[in-house]
Amino acid sequence: MSAIEIADLTKRYGEVAANDGVTFDVEAGEIFGYLGPNGAGKTTTIRLLLGLIKPTSGTATVLGTDIRDRRALTEAKANVGYLPDTLGFEERLTGRQVLDYFARMRGDRRREELLELFTPPLDQRVETYSAGNRRMLGIVQAFMHDPDLAILDEPTAGLDPLKQDRMHAFIEAERDAGKTIFFSSHVLSEVQRVCDRVGIIREGKLVALEHIDDLLERGGKHVRVQLAEAVDEERFVTAEMIDVETVGSTVRFTYTGESAALLEHLVRFEVEDVDIGDPQLDDIFKHYYGDDSPAREE
Ligand SMILES: Nc1ncnc2c1ncn2[C@@H]1O[C@H](COP(=O)(O)OP(=O)(O)OP(=O)(O)O)[C@@H](O)[C@H]1O
């Protein structure tokens, strides 16, 4: 069963198509990463899924409920955790009061467990919180009612590396317990690390939808060859080599063919050293975005 089904979802703001015929499903029990640089349309999709804005055309279901059915969606959302990109808490309340408020609406049976992992200063007013503390309060709020589906907009933004790791481990454990996680990000390393599948959005349109391993495999391998002496590029470079950079007798490239074929090719040259590295999501992004690629790290 799919936890989310998105069908030809379109949202226009005047001339701008923030989402333009977006179609994909998020399967129950997977971690799905929704990727794209600033302004690509990620938050728009998320806000549409939560019924916070209305589609211009197309629709989606969340836990089987059509997002256009407001009343049914409100009921379905009792079983959804939502972490917005901007955390608009009531600033004058303390963290504890904020959690109490959400607890009255939806329950909080996992509050204590979450507060051992994520530690916002509960007795301080939210207006005094750092970005990381806000995010942690948001995470506790999103998960404390133990939802089957979590929709998270840039969930690790502002967290220190230790807390980011903790969040990654937490969502993996949730997935292993059968929960569904849909999260948006422009931090490629975290998507590469935790996601089962990814959707890549560019200027409102979905440009890729794949298992992360398949996407990486197609992205090619990073290769650096150290030759005994500079070599004629025309003789050395094959059709499977892309993004070739030659400096003196060192050639770097991305290899899109089979490793065996590369090794067969290399024996024809006087090679001093070869380094074949795993493909990285960054490289695949360059393919889709060119110079507009999102940051490697936050
Ligand atoms: N309320 C609005 N009015 C007009 N344009 C909007 C509105 N909300 C979003 N947009 C436009 O829609 C496009 C997609 O924005 P969106 O916030 O969905 O992107 P995003 O991928 O979430 O970006 P970011 O990573 O910066 O959060 C952008 O061009 C944005 O300017």
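Rules and cut-offs
Residues numbered from 1 in each chain as written. Predicted model: local features only at pLDDT ≥ 70, side-chain atom pairs only at ≥ 80, totals over all residues. UniProt positions renumbered as here; feature names shortened; annotations may be inferred. Helix = DSSP H or I, 4+ residues; strand = E, 2+ residues; numbered from the N terminus. Pairing = 2+ DSSP bridges. Near = placed C-beta within 6 Å. Nonpolar A, V, L, I, M, F, W, Y, C, P; charged D, E, K, R; others polar. Buried ≥ 20, exposed ≤ 12 C-beta atoms within 10 Å, placed from the backbone. pLDDT = per-residue confidence, 0-100. Contact = placed C-beta atoms within 7 Å. Domains from an automatic or database assignment. Right-handed = clockwise from strand over helix to strand, strands pointing away. Axes fitted to C-alpha atoms, helices over the stretch in contact; angles between N-to-C directions. Parallel < 35°, antiparallel > 145°, perpendicular 65-115°, else oblique. Left-handed = near helix turned anticlockwise from the far one by under 90°.

Caption draft 1: Geometry of the UniProt feature "domain: ABC transporter" (unreviewed entry) in the protein. As recorded in UniProt, the feature "domain: ABC transporter" (unreviewed entry) lies at residues 4-228. Between the C-alpha atoms that bound residues 4-228 there is a distance of 55 Å. The span itself is 34% helix and 31% strand.

Caption draft 2: Here's a closer look at the sheet that holds strand β2 (residues 16-27). One open sheet holds the four strands; their spatial order is β2-β1-β4-β5, and the pairing between them is antiparallel. A single partner strand is all that each edge strand has here, and the edge strands are β2 and β5 (65-66).

Caption draft 3: Spotlight on the site of the ligand. Lining the immediate surroundings of the ligand are 13 residues, of which Tyr 13, Ala 18, Asn 38, Thr 43 and Thr 44 lie closest. Broken down by secondary-structure element, the contributors of at least two residues to the shell around the ligand are β2 and α1 (42-49). The element that contributes the greatest number of residues to the shell around the ligand is α1, accounting for three residues. Looking at the shell around the ligand residue by residue, the class counts come to four nonpolar, seven polar and two charged.

Caption draft 4: Spatial organisation of unusual backbone geometry. Even without being glycine, Leu 63 reaches a positive phi, approximately 50 degrees. As for its position among the elements, Leu 63 is in the loop between β4 (57-62) and β5. For Leu 63, a count of 21 C-beta atoms within 10 Å translates into the label buried. Backbone geometry places Glu 203, a non-glycine residue, at a positive phi of 45 degrees. Here Glu 203 lies in the loop between β9 (197-202) and β10 (205-211).

Caption draft 5: Focus on the confidence of the model for the protein. Overall, the predicted model of the protein reaches an average pLDDT of 92, with 96% of residues at or above 70. Low confidence marks residues 293-298, where pLDDT is under 50. Its contacts with residues over four positions away, or in another chain, come to 15 contacts.

Caption draft 6: Just α1, in detail. When you tally the buried positions in α1, you get eight out of eight residues, the bulk of the element. Regarding α1, the residues found buried are Lys 42, Thr 43, Thr 44, Thr 45, Ile 46, Arg 47, Leu 48 and Leu 49. Following α1 by one or two positions, Gly 51 adopts a phi angle in the positive range, close to 75 degrees.

Caption draft 7: Inspection of the pairing of β9 at higher detail. Counting buried residues along β9, five of its six residues qualify, which places the element largely inside the surrounding structure. Relative to β9, strand β3 (residues 31-35) is paired through four bridges, and the arrangement is parallel. Directly across from Tyr 34, in β9, lies its bridge partner Gly 199. Pairing of β9 with β10, which is carried by six bridges, proceeds in the antiparallel orientation. Paired with Val 198 across the two strands is Glu 210, which belongs to β10. Linking β9 to β10, which pair antiparallel, is a turn of two residues; within it Glu 203 sits at a positive phi near 45 degrees.

Caption draft 8: How the structure looks around the domain arrangement of the protein. Along its sequence, the protein is organised into domain 1 (2-216) and domain 2 (219-290). Once you take the C-alpha centre of each, domain 1 and domain 2 turn out to be 39 Å apart. Residue-level contacts link ten residues of domain 1 with eight residues of domain 2. Counting residues per element, the ones that place at least two in the side of domain 1 that touches domain 2 are α7 (188-194), β9, β10 and α8 (212-218). Among the elements that take part in the side of domain 1 that touches domain 2, α7 stands out by supplying three residues, more than any other. Among the residues forming the side of domain 1 that touches domain 2, the class breakdown is eight nonpolar, one polar and one charged.

Caption draft 9: Looking closely at the pairing of strand β7 (residues 149-153). Burial runs high along β7: five of the five residues are buried. Because side chains alternate across β7, one face comprises the buried residues Leu 149, Ile 151 and Asp 153, and the other comprises Ala 150 and Leu 152, equally buried. Taken together, the four bridges between strand β6 (residues 80-83) and β7 define a ladder with parallel strand orientation. Counted as the bridge partner of Gly 81 is Ala 150 from β7. In the classification by handedness, the crossover that spans β7, the intervening helix α6 (residues 161-176) and the parallel strand β8 (residues 180-185) is right-handed.

Caption draft 10: Layout of the packing of helix α3 (residues 95-106) against helix α5 (residues 131-143). Two numbers describe how α3 lies on α5: the axes approach to 10 Å, and their chain directions differ by 20 degrees. The angle between the axes of α3 and α5 places the two elements in the roughly parallel class. Crossing geometry of α3 relative to α5 is assigned as right-handed. Residues Gly 95, Val 98, Leu 99 and Phe 102 of α3 form the contact with α5, whose participating residues are Leu 137, Val 140 and Gln 141. Here the contact of α3 with α5 is built from residues that sort into five nonpolar, two polar and no charged.

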